[in-house]
Structure formats: structure tokens, C-alpha cells
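# Descriptive analysis of the structure
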Amino acid sequence: MLATTGWTAVHRPEAGTPLRATALAAWASARINGRPVPPADAPVRTVARFFAGLDGAQRARLADGYPLVVGNLDGAPVPTRYRANLRGLEQARLIEDARSRDVALTPADRATATRRAHRFASLAEPGRQILAFDPTGGGRVAEVFGDLERARRVSVIVPGVDTDLITFERTQRRFSAPVGMAESLYEAQRAASPDARTAVIAWAGYTAPTGVGMDAATGRMAVDGAVRLRALAMALPGDSSIALFCHSYGSVVCGVAAHELPDRVTDLAVAGSPGMRAENVDDLDTSARVWAMRDEGDWIEDVPHLEVGGLGHGADPVSPEFGARLLSSAGARSHTGYFAPGTGSVDNLAKIGTGAFGSVVCADADDACRRGISGTAGD
């Protein structure tokens, strides 16, 4: 039977020990029906084979006993990960709720704990599909909209600066946060192609820069983000095609990752990009179609598009010389409006996500961005 030490070790971590680290330590010695579990960093196929050999009750026991491992385990069944992350969110909420009342902490720390507890409670609401959750530090999280297992096309939102567990969703400026972006894109896809089997992932799976300081001006955090983005693309279930929608610094992550992405990533679209750490599309070394848009009022236009001594992110993706397919961003209204409902920008992104390339609206009101795509005008 499943060892019971997993729950107790995770539920009562030693002071100062992150929940995830405690969970990994417990998982390393876990067994089920006498069988050792695969390492937390095992290849996707190894993990998938292991879970294929378990029945539903055994999968549930692992999800409940080791939620902060199973919920982030690439290769584990999607429903099992959803179940695990709901348990993990509840564990993390209880810890933060206790911290919010701990008089030994500073008022600022108690306030942060309160915000985190509220966020974890929101993420654990019925019906939400949390694909990944790690409360360590600023945290990492991913949420799915739609049926990921049945989808033929999957869209992934890759956000930019100031993204963490707290800002993963917002009440104010809702569509500037990953959850709002993904919800809007998913609804636009359903409107554009009601019968299409699509899913959208709001992915805050890397540590993003805070503000527009030095971290945002370099590719250091993008390198780590690129590794995690590639792992996500490699691990998604089935054989669905994948489109990446990369906003602001998220486009730096996508640019760094581009040459290592699997072939199932067919489209890479950037909005409000400071650069992709490449001089042109050929420099990205990807088989994916590369799309770009920028609103006329987007302040990112004033950022120097160059790279010197590690600072800056290279050429402007919407410059003709870069070679991307240039999309209209009508109605986007500055840097954070690309995913707002009813805008031409989100409609264009939805058409890419559903494969309706023949109806995308190009930036110059011609068919240049559609040329060379099978089944579209201008092919």
C-alpha cells in the first residue's frame, strides 16, 4: 500500500523548508504496492508507463499523498495532475493562512501571506483545471481552459514581467494577467471556430523579472524559462499541434526556446515584444511560423532594439527586416491590451490558434502575412 509518510511530511514541513522541497524528499522514498515510484525528474515516457500500470485508485492515492510532486510530474495523466494540484493548493493555503496570523512575522509578511492564501483558495475553486503548481518563492502555476486530452490544437500563453502566483489573475486589468488572457483567447477561439477541439493554457511556469529593471533587460531569466517551456511542449499529452502566444518579456523566453522546441510547435506569435534575442526569423532556427504584432501606442516601441554585452534583446520583431508575419493589432490599446475581448489582436491570435490562417488580418491590410501557408490565399 501507499506509504503514509508523504502526507505527514508535506503537511508539517520543518520551519523554513519549502513545501515543494519537503514533498520531493518524501517522494524519493515512496512506494506503491511495493513498487518504487519514478524519480521526479524521470523522462516523460518513463512516468507515463508507470502511471499506465496503475489503476484509478492507486493514481488517486499518489495524487493525494504527494500532491506537490504528482501535480507537476510531466507524463502523469492530466486528471491525476488536476486532482493533485487541488490538494497541493489546499496544503499551501493552510500554511499561508497560519502565517497571516503569526505575530512573529512583520505586518508586510502577514499581508503577503494573506494575499497568497486568497490566491490559493481561488485557484482551488471547483471546475478549475490546474496543470502545475509550485508555491516556492514567487511560485509557478499553469491552468487549462478546455479539454486538454481531446484537443487537436493547444495554445499556450507565455506572459512577461511581474508574473507570479499573486498576479496570475487580476480583478482589475483582468486581461493583462495570464488567466484573463487565456480566458479571452479561448472564448475568441470558440467564437471563431465552434467545432474546433482546442485548449488554452495560461502558463506562469518560469520566474519572470520584476519590473523593467536589469533582469528584464537581460536574457538570464529567459534562459531558465526557455528550458521550462520546452519541457511543457514536450510533455503535453497526445499529438496536438501547439501554438505559443508570447507577450512582452515572454517573447524573449519564446525566442530563446525556439531552436529547441519540438516540431509539434507549429506557430509562435509575439505581441508587444522587446526582441527575441535574434536578428531575424532565420536566426531563431525554428520550423514554426513566426507572427508578430505591436499596437501603435505600445511603449515597448521606444525600447532600443539591439543587444550589446548581454543587454537588450536584439532586432525588432515587427521590423520588415526581421521577417515575421505581421499581424494587425487593431483595438489593442497599448502594451497590455492585446488579449482584450473584441480586439482585432485577440481575434487574430484566435485564428492562429484554430488554424484559420486564411482569415487572419495582416498589419498592412494586404495578404502578405498569409502567403506561403497551405490553403490560404496567396499561397
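It should be noted that the structure appears before, not after, this text.
The next point concerns the overall build of the protein. A tally of helices and strands in the protein yields 13 helices and 10 strands. Once the C-alpha set of the protein is aligned to its principal axes, its extents read approximately 65 × 50 × 40 Å. Buried residues in the protein amount to 52% of all 379 residues. Considering only residue pairs separated by 6 or more positions, the protein has 65% of its internal contacts joining residues 24 or more positions apart. Carbon and sulfur atoms form 51% of the exposed surface of the protein, whose accessible area is close to 16400 Å². Taken together, the 40 basic and 44 acidic charged side chains of the protein have centroids lying 9 Å from each other.

Let us look at the side chain of His247. Structurally, His247 is set in strand β7 (residues 241–247). Setting aside anything within four residues of it in sequence, one finds His247 in contact with Val158, Pro159, Gly160, Met181, Ala271, His335, Thr336, Tyr338 and Phe339.

Inspection of every chain in the model, using the stated rule, returns two disulfides. Here Cys246 engages in a disulfide with Cys254; their sulfurs sit 2.1 Å apart. Negative torsions about the S-S bond denote left-handed disulfides, and the value of about -90° found for Cys246 with Cys254 makes this one left-handed. What makes Cys246 buried here is its relative accessible area of 1%. Between the sulfur atoms of Cys362 and its disulfide partner Cys369 the distance amounts to 2.1 Å. Linking Cys362 and Cys369, the disulfide has an S-S dihedral of approximately -85° and is accordingly described as left-handed. Cys369 matches Cys362 in its accessibility class, with the two residues each being buried.

Glancing now at the environment of Val144. Structurally, Val144 is set in strand β4 (residues 140–146). For Val144, a relative accessible area of 2% translates into the label buried. In this structure the C-alpha to C-alpha distance between Val144 and Glu183, which are 39 residues apart in sequence, comes to 9.4 Å. Those residues in contact with Val144, other than ones at most four positions away along the chain, are Tyr82, Gln129, Leu131, Val200 and Ile201.

Where burial is concerned, most of strand β6 (residues 198–204) is hidden: seven out of the seven residues are buried. Along β6, one buried face is formed by Thr198, Val200, Ala202 and Ala204 and the opposite face, lined by Ala199, Ile201 and Trp203, is buried too. Strand direction decides the pairing type here: β4 and β6, joined by six bridges, are antiparallel. If you follow Val141 over to β6, its bridge partner there is Ala204. Tracing the backbone out of strand β5 (residues 153–158), into helix α8 (residues 178–192) and back to the parallel element β6 gives a crossover that is right-handed.

Before going further, it helps to examine the nonpolar core. The biggest cluster of nonpolar side chains holds 60 residues, and the ones touching the most others in it are Phe51, Leu62, Leu185, Phe245, Trp291 and Phe339. Ranked by the residues each element gives to this core, the list is headed by α8, at six residues. Met221, Ala226, Ile242 and Cys246 belong to the second-largest nonpolar core, a separate cluster that totals 47 residues.

Reading guide: rules and limits
Residues numbered from 1 in each chain as written. Predicted model: local features only at pLDDT ≥ 70, side-chain atom pairs only at ≥ 80, totals over all residues. Heavy atoms only, no water. Helix = DSSP H or I, 4+ residues; strand = E, 2+ residues; numbered from the N terminus. Buried < 20%, exposed > 50% of the residue type's maximum accessible area, 1.4 Å probe, protein only. Contact = heavy atoms within 4.5 Å. Areas by Shrake-Rupley, 256 points an atom, 1.4 Å probe, with all protein chains shown as cover. Lys, Arg positive; Asp, Glu negative; His and termini not counted. Charge placed at Lys NZ, Arg CZ, Asp CG, Glu CD. Disulfide = S-S within 2.5 Å. Pairing = 2+ DSSP bridges. Right-handed = clockwise from strand over helix to strand, strands pointing away. Core = buried A, V, L, I, M, F, W, Y, C linked by side-chain atoms within 4.5 Å.

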